Amino acid sequence: MQDKRYQVFIATSGSDMRPERINLSQILIGMGFFSWGLEQRTPLSTAFARRQIDESDYVLLLLGSQYGELSVSGVSYLHLEYLYAKSKQKPIILILHEAPDSRAVELRESKADLIEKFNNFRQQLISENEHVFSYRTLRDLELVLRQQMPQMLERYPAMGWVRPEGTQKLLDEIEKLKHQLTKLEIDQGRRDADPVMNVQKVAMHDDFEFEYRIHAYQDGNFKELKLLRKMTWAQLLLVLGETFARSMPEEYFSKRLNDYLNETAMDEARVQMPRIHAVARAQINIRALHHIKSQMRQNEWISPYSRDERQRLLWKISPKAQKLLESRLLDSHRVSQLKSSN
């Protein structure tokens, strides 16, 4: 903790949690962390909150007895911040009030629909996460924080912020290692112990079925659905090909596939919820995403290309895949893909 500082995004429902937020911020500062977060939310503040989450090493979500101010979609800003942090795979510590109904009346939800949303959200947090803790008093919060933050640093090491003094030697060594790693990855075309070696090549017309989750909106509420999608490998190449025509970071695999699922999931979602009017926040299954990336490499359609100024590994479609995309060989798959998205 003497050489590094870590940034923690604190997510709460709003002004009802001000004493807890102030307490947590003071404790984090004393432990050597920087704390971020927003108390007042508006549609304009959403992008700022996401940027803070992107730049944070850890996320701390504190839930009392309110669901929080609602966004235009009917989902609270607190809930949206949680979903975004999950999508970015940020390490999250959840601290929930042990008995929400015991808090002062003015600190609890009064409307039936908000009470239901709060209870559903609370249950979602408990069921989806490993690091869930409870509190009743400010002292409880301090004990949880002082015990758990050091453990989070061990379980989920982060880059953090390093003081500039005396770091030049470390930076030179890091730069040297990065160049060596880039050369190995580009020259050899694979990382050490790459699991793609165990993946068999597929034909363009072969099907791949995968699972994904998506939020379906109906009657002012939303429900997370678990859906199945079957696509040919040619269709998957068409979806990814345009994005990776230029060299792009690896996270664009999930970004492009999730965007595509958002665009085409209405019919599949209506099987479970016939009256839905919108879908959003699609998230492909992690194992399926990994298999797609491995298969694209094994078929020599997409491969590591270079690194950007942030030393992120960039990917690009191969000349072999470019010829397929420019030829008429994928036309039948392109037609069926367009039909499935209408």
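In case you missed it, the structure is sitting above this.
As the structure is a prediction and not an experimental result, all values here were calculated from the model. All residue numbers refer to positions counted from 1 along the written sequence of the respective chain. Thresholds applied to this predicted model are a pLDDT of at least 70 for local features of residues and 80 or more for the giving and counting of side-chain atom pairs; totals over whole chains, interfaces and linings are not thresholded and use all residues. Hydrogens are left out, water is left out, and the side-chain values use all remaining heavy atoms of the structure.

Draft legend 1. Examining the layout of surface pockets more closely. Looking at the second largest pocket, its volume works out to about 350 Å³. What counts as a helix is a DSSP run of H or I of at least four residues, what counts as a strand is a run of E of at least two, and both are numbered from the N terminus. Among the secondary structure elements, those contributing two or more residues to the lining of the second largest pocket are helix H4 (112-128) and strand S8 (221-232). Ranked by residue count, the leading element in the lining of the second largest pocket is H4, at seven residues. Per-class residue counts for the lining of the second largest pocket are three nonpolar, seven polar and five charged. Cavities and pockets are found on a 1 Å grid laid over the protein atoms alone: a cavity is a set of points where a 1.4 Å probe fits but cannot escape, a pocket is an open set with protein on both sides within 12 Å along at least five of seven lines, and a lining residue has an atom within 4 Å of such a point. Grid points are joined across faces, edges and corners, and a volume is the space filled by probe spheres set on the points. Only Asp, Glu, Lys and Arg are considered charged, only Ala, Val, Leu, Ile, Met, Phe, Trp, Tyr, Cys and Pro nonpolar, and every remaining residue, Gly among them, polar.

Draft legend 2. A look at the packing of aromatic side chains. Between rings of Phe, Tyr and Trp, where Trp is taken as its six-membered ring, a pair exists when centres lie within 6.5 Å; planes separated by under 30 degrees are stacked, by over 60 edge-to-face, and by other angles tilted. Applying the stated rule across the entire model yields 10 aromatic pairs. Members of the aromatic cluster, joined through ring pairs, are Phe208, Phe210, Tyr212 and Trp233. Sitting over a ring, as applied to charges here, requires NZ of Lys or CZ of Arg to be within 6 Å of the ring centre and within 35 degrees of the ring normal. Taking the ring centre of Tyr305 as reference, the NZ or CZ of Lys316 above it sits at 4.7 Å.

Draft legend 3. Structural view of unusual backbone geometry. Unlike most non-glycine residues, Arg281 shows phi in positive territory, near 55°. For Arg281, the position within the fold is in strand S10 (residues 278-284). In this scheme, a residue with accessible area under 20% of its type's maximum is buried, one over 50% is exposed, and one in between is partly exposed, where area comes from a 1.4 Å probe on protein chains only. Residue Arg281 is classed as partly exposed on the basis of its relative accessible area of 27%. Its identity is not glycine, yet Glu300 carries a phi of approximately 60°, on the positive side. Along the chain, Glu300 turns up in the loop between helix H10 (286-298) and strand S11 (302-307). Here Glu300 falls in the partly exposed class, since its relative accessible area comes to 45%.

Draft legend 4. Layout of empty space enclosed by the protein. Counted under the stated rule, the structure contains one cavity of 30 Å³ or more. Empty space within the largest cavity amounts to approximately 70 Å³. In terms of lining, the largest cavity is formed by Ser45, Thr46, Ala49, Arg50, Ile53, Tyr77, Leu80, Glu81 and Tyr84. Elements with a contribution of two residues or more to the lining of the largest cavity: helix H2 (46-55) and helix H3 (77-87). Classifying every residue of the lining of the largest cavity gives five nonpolar, two polar and two charged.

Draft legend 5. Up close: the sheet that holds S10. Two strands are counted as paired when DSSP detects at least two bridges linking them. Read across the open sheet, the three strands follow the order S8-S7-S10; overall the sheet is antiparallel. Each edge of the open sheet carries a strand with a single partner, namely S8 and S10. On average, each strand axis in the sheet is tilted by 30° relative to the strand beside it, whichever way the strands run. A fitted line through C-alpha atoms serves as each axis, taken over the contacting stretch for helices, and the angle formed by two N-to-C directions is quoted from 0 to 180°.

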